[in-house]
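In case you want the letters, here they are:
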Amino acid sequence: MTSGVRVFIATSRDGFIAGPDDDLSWLPDGHAGEDYGYDAFMAQTAAIIMGRRTYDVVCGFGIDWPYGDTPVFVATSRPLESDEPTVQPVSGTPGAILARVREAADGGVYVDGGDIIRQFLDDGLIDEATITVIPVDIGEGVALFTDEAQRARLGEPTSTRFPSGVVQQRYDLRP
């Protein structure tokens, strides 16, 4: 299992990770049998750091908890109640959150959610980012990168093209 801090996220071609009101209907439904490497990614994941908004969206799917026994640390400043025993709230700087997660889990850490990803990027804590670009423009919503965020220097990607038109870009951010 890898021990890096990694991102695995999908964006629309115009850079949004969700449409208005956190709409995700533009994402491929996965019924064609292609997971774009997500299962392999999760097999290398010992813990997840998730933003509160992302957590709330996932809980609103009305499905079984998709992360199984993987510990999920939800970055939040609000009280958090969860029926999932693997979920716990965390707060503080990205470095402090990562230190707490490292105490609880040994291995790869998956950072998920636009705001928390930007914070970890700004603090230089992401080792690898996989960004899957879906060939659709949604025009508005939640952007992966915002004007307020420091520009991330991701470097040259390794790209994979899928028959569906999806392009996946992997960036190695380790110095």
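Residues numbered from 1 in each chain as written. Predicted model: local features only at pLDDT ≥ 70, side-chain atom pairs only at ≥ 80, totals over all residues. Heavy atoms only, no water.

Describing the overall build of the protein chain
Secondary structure assignment for the protein chain yields four helices and ten strands. Reading the secondary structure of the protein chain in the N-to-C direction produces β-β-α-β-α-β-β-α-β-α-β-β-β-β. Over its C-alpha atoms the protein chain spans a radius of gyration of 16 Å, differing by no more than 12% from the 16 Å that the globule rule assigns to 175 residues. Overall size of the protein chain, expressed as C-alpha extent along the three principal axes, is 40 × 40 × 35 Å. When burial is assessed residue by residue, the protein chain has 42% of its 175 residues classed as buried. (Helix = DSSP H or I, 4+ residues; strand = E, 2+ residues; numbered from the N terminus. Rg over C-alpha atoms; globule rule 2.2 N^0.38 Å. Buried < 20%, exposed > 50% of the residue type's maximum accessible area, 1.4 Å probe, protein only.)

Observations concerning the sheet that holds strand 10 (residues 167–172)
Neighbouring strands of a sheet are bound in pairs by backbone hydrogen bonds; such pairs are parallel or else antiparallel. Across the sheet, eight strands lie side by side as 5-4-3-6-1-7-10-9; this open sheet has mixed pairing. With partners counted over all chains shown, the strands left at the sheet margins are strand 5 (87–90) and strand 9 (158–161), one partner each. Strand-to-strand twist in this sheet, taken as the mean axis angle between neighbours without regard to direction, amounts to 20 degrees. By the bridge criterion, seven bridges tie strand 1 (residues 5–12) to strand 7 (residues 128–134) in an arrangement that is parallel. Along strand 7, the bridge assignment pairs V7 with A129. (Pairing = 2+ DSSP bridges. Axes fitted to C-alpha atoms, helices over the stretch in contact; angles between N-to-C directions.)

Focus on the layout of surface pockets
Roughly 1,400 Å³ of internal volume is contained in the largest pocket. Taken together, the elements giving at least two residues each to the lining of the largest pocket come down to strand 1, strand 2 (16–18), helix 2 (52–59), strand 6 (108–112), helix 4 (114–122) and strand 7. Here the lining of the largest pocket is composed, by residue class, of 24 nonpolar, ten polar and nine charged. (1 Å grid on protein atoms, 1.4 Å probe; cavity = no way out; pocket = protein on both sides within 12 Å on 5 of 7 lines; lining within 4 Å. Points joined across faces, edges and corners; volume = space filled by probe spheres on them. Nonpolar A, V, L, I, M, F, W, Y, C, P; charged D, E, K, R; others polar.)

Concerning the pattern of salt bridges
For the structure on display, the rule yields seven salt bridges. Among the ionic pairs, D137 bridges to R13, the shortest N-O distance being 2.5 Å. On the criterion of sequence distance, the pair formed by D137 in the loop between strand 7 and strand 8 (142–143) and R13 in the loop between strand 1 and strand 2 is long-range, its members being 124 residues apart. Look at D137 and you get partly exposed, because its relative accessible area is 43%. You can call R13 exposed: its relative accessible area is 57%. Residue E128 pairs with R170 through a salt bridge whose shortest N-O separation is 3.0 Å. Note that E128 is positioned in strand 7 and R170 in strand 10, a separation of 42 residues in sequence. (Salt bridge = Lys/Arg side-chain N within 4 Å of Asp/Glu carboxyl O.)

These results come straight from atomic positions and should not be treated as a statement about function.
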